[in-house]
Amino acid sequence: MTKNKIVFLLATPPPVNFSKSYFIEELVNANFLCEVWDLSSIVKKDVDWPIESMNIPIYKLTGLNELVNKVRSNDTSATVFVAQMTPGGEFLIPFLVLSVFNKKTVFFQRGVLPSRISYSAGTNGISKYRKVLKLIFVDRKLKFIFLHSLFLLFSRFNVIKGFDVVFVAGKVAETVGALTAQKMVHIHHRDLDNTHRNSGTQFESLDAPEKYCVFLDDYLPYHSDFVSNNIKTIDAEKYYSMMRSFFDEFEKINNTIVVVAAHPKSSYRENIFGERMIVYDATDVLVKNAVIVMTHASTAISFSIIYNKPVCLLISQEIEETHPNIKQVITSTGKILKCNIYDYEKNLYPKLSEISVDDDAYKFYRRQYLSSIDNSRFSSDIVINEITKLFN
């Protein structure tokens, strides 16, 4: 008997910890065949992919004809496509191909960060279409706006088939996902899943100082998303110099030290943040045991909410001018969490004695961005159950 297959369609390098984020081990154990199709050449984002031991086949497709043939050749009744690409934009063609052959599709809408529009989602009567379109027009360039709007139009008139299932984490993800979903299913933010499953126990023996503040690194000067999309970013030498100076003074004022939770895509040399400890793959426990958390717009801020840790947001004029979308995330996050924003170029430093958590604000953030359901079930169990239904 042929096993049912799940195909992950990716047009950009897979996110770090892809296997964990998309429950590959659990899906394989549930007797599904899993594979990845690399569409980067088709959508003109042909960059080197990091090597990750996913233990599933990866096929690089070189052109539209190959995509059409592979989609056509996979049995519709025995294949589900996880089309993990932003609906519309440069990815319009792959979605059209899936629709032409009436394939079953799934999308994961989680990890949404606050923006000028999204932070109030669910609190007023604006229609879901206006909310999402406003969000798009705030953050996207003209070409993407046009193609995304075209995608929405095609979806509305069934030229492009909506996703059979969209898995959403939080109320804001629900608002965004509702636009292209035939069915929405609630799961948890991946960081909430991880703490729910293992409580960071594998890192509890981390050799960290007794009292420290953690900086959640965004890898702003070198992030691969900027490279693959040809997006100008901030000057690396200036940025790291300013951050070293900021941390130096912060430590003196507060009689503490800063530990850096390195971005998983980074590969730092020693001393780029001064003499400070740079730690990989332990953000969960670093936040759990920290006095406060500092960041720009890291998605790992979710751990601050989970562990109820005070947050300080850092910005600069260069970030504001170079990355207006990141500025929007920072300012919106500050409004939601009711926390202060500090310009690290203007000698403005947080004081530990003046920083606290607003419990109601953190509960609101958790419901809006991490999970709107209780923790009685793992997301992997929910996902496997819903995907199994698509084959029945």
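What you are looking at is a predicted structure, and each value in this text was computed from that prediction instead of being measured. (Residues numbered from 1 in each chain as written. Predicted model: local features only at pLDDT ≥ 70, side-chain atom pairs only at ≥ 80, totals over all residues. Heavy atoms only, no water.)

Colleague: Let's hear about the overall build of the protein: which residues, and what values?
Modeller: On a plain count of helices and strands, the protein comes out with 16 helices and 14 strands. Taken across its 392 residues, the protein has 54% of its residues classed as buried. Within the protein, residue pairs in contact and separated by at least 24 positions form 73% of the contacts whose partners lie at least 6 positions apart. Here the protein has roughly 18,400 Å² of accessible surface; of this, 49% comes from carbon and sulfur atoms. (Helix = DSSP H or I, 4+ residues; strand = E, 2+ residues; numbered from the N terminus. Buried < 20%, exposed > 50% of the residue type's maximum accessible area, 1.4 Å probe, protein only. Contact = heavy atoms within 4.5 Å. Areas by Shrake-Rupley, 256 points an atom, 1.4 Å probe, with all protein chains shown as cover.)

Colleague: Give a detailed account of the sheet that holds strand β12 (residues 293-295), specifying residues and quantitative values.
Modeller: Within the open sheet, the 6 strands sit side by side as β11-β9-β8-β12-β13-β14. Their pairing is parallel. Every interior strand has two partners, whereas the edge strands, β11 (278-279) and β14 (341-343), have only one. With 3 bridges connecting them, strand β13 (residues 311-315) and β14 associate as parallel partners. Note on β14: the bridge partner recorded for Leu313 is Ile341. Relative to the sheet, helix α14 (residues 324-337) contacts β13 and β14, its axis offset from that of β13 by approximately 155°. (Pairing = 2+ DSSP bridges. Axes fitted to C-alpha atoms, helices over the stretch in contact; angles between N-to-C directions.)

Colleague: Just give me the short version of the sheet that holds strand β5 (residues 104-109), but keep the residues and values in it.
Modeller: If you walk across this open sheet you meet the 7 strands as β3-β2-β1-β4-β5-β6-β7, and the pairing is parallel. This sheet does not close on itself; its edge strands, each paired only once, are β3 (58-60) and β7 (184-186). In this sheet, adjacent strand axes meet at a mean angle of 25° when their direction is disregarded. Sheet topology places strand β4 (residues 79-83) next to β5; 3 bridges connect them, and they run parallel. Counted as the bridge partner of Phe81 is Thr105 from β5. Sitting on the sheet, helix α16 (residues 379-390) touches β1 (5-10), β4, β5, β6 (165-168) and β7, and the angle it makes with β6 is about 175°.

Colleague: Mind laying out helix α15 (residues 359-370), listing which residues take part and the relevant values?
Modeller: Over its 12 residues, α15 extends 15 Å from the first C-alpha to the last, a length consistent with the 16 Å expected when each residue adds 1.5 Å. Restricting attention to buried positions, one finds in α15 the residues Ala361, Tyr362, Tyr365, Gln368, Tyr369 and Leu370. Seen end-on, α15 carries its buried residues on one side only, within an arc spanning 150°. Opposite the buried face of α15, at more than 90 degrees from it, the exposed residues are Asp360 and Lys363. (Expected span 1.5 Å × (residues − 1). Arc of directions from axis to C-beta.)

Colleague: I'd like a rundown of the nonpolar core, residues and numbers included.
Modeller: Formed by 88 residues in total, the largest nonpolar core has its most connected members in Leu9, Trp37, Leu39, Val214, Phe215, Phe273 and Met294. Ranked by the residues each element gives to this core, the list is headed by helix α10 (residues 236-254), at 7 residues. For Trp37, the contacting residues outside a window of four places in its chain are Val7, Phe8, Leu9, Leu10, Tyr59, Leu61, Leu67, Lys70, Val71, Asn74 and Phe81. (Core = buried A, V, L, I, M, F, W, Y, C linked by side-chain atoms within 4.5 Å.)

Colleague: Before we move on, could you go through the pattern of salt bridges and cite the residues and values that matter?
Modeller: Throughout the structure, instances matching the rule amount to 11 salt bridges. Of the charged contacts, one joins Lys389 and Glu386 as a salt bridge, the two residues approaching to 3.2 Å between their closest N and O atoms. A residue pair is termed a helical-turn pair when its members lie 3 or 4 positions apart in one helix, as Lys389 and Glu386 do in helix α16 at 3 residues. Judged by relative accessible area, Lys389 falls into the partly exposed class, the value being 42%. Residues joined in a network through salt bridges with shared partners are Lys183, Glu386 and Lys389. (Salt bridge = Lys/Arg side-chain N within 4 Å of Asp/Glu carboxyl O.)

Colleague: Help me get a handle on the state of the cysteines, residues and values and all.
Modeller: One pass over the structure, following the stated rule, counts 0 disulfides. For the unlinked cysteine Cys312, the closest cysteine sulfur is that of Cys339, found at 7.3 Å. (Disulfide = S-S within 2.5 Å.)

Colleague: Break down the packing of helix α3 (residues 64-73) against helix α4 (residues 92-100) for me, with residues and values.
Modeller: At a minimum axis distance of 10 Å, the contact between α3 and α4 shows a crossing angle of 30°. Between α3 and α4, the crossing angle belongs to the class labelled roughly parallel. Between α3 and α4 lies a crossing of right-handed hand. Of the residues in α4, those in contact with Leu64, Leu67, Val68 and Val71 of α3 are Ile93, Pro94, Val97 and Leu98. Considered class by class, the residues forming the contact of α3 with α4 number 8 nonpolar, no polar and no charged. (Parallel < 35°, antiparallel > 145°, perpendicular 65-115°, else oblique. Left-handed = near helix turned anticlockwise from the far one by under 90°. Nonpolar A, V, L, I, M, F, W, Y, C, P; charged D, E, K, R; others polar.)

Colleague: Before we move on, can you summarise the environment of Pro14 with the specific residues and values?
Modeller: The residue Pro14 is located in the loop between β1 and α1 (18-21) in this model. Exposure remark for Pro14: the relative accessible area of 5% places this residue in the buried category. Placed 70 residues apart in sequence, Pro14 and Gln84 show a C-alpha to C-alpha distance of 9.7 Å.

Colleague: So what's going on with the environment of Tyr365? Which residues, and what values?
Modeller: As for its placement among the helices and strands, Tyr365 is situated in helix α15. The spatial distance from the C-alpha of Tyr365 to the C-alpha of Leu113 is 10.0 Å, given a sequence separation of 252 residues. Residues within four places of Tyr365 in sequence aside, it is in contact with Leu113, Pro114, Ile301, Ile305, Ile336, Leu337 and Leu370.

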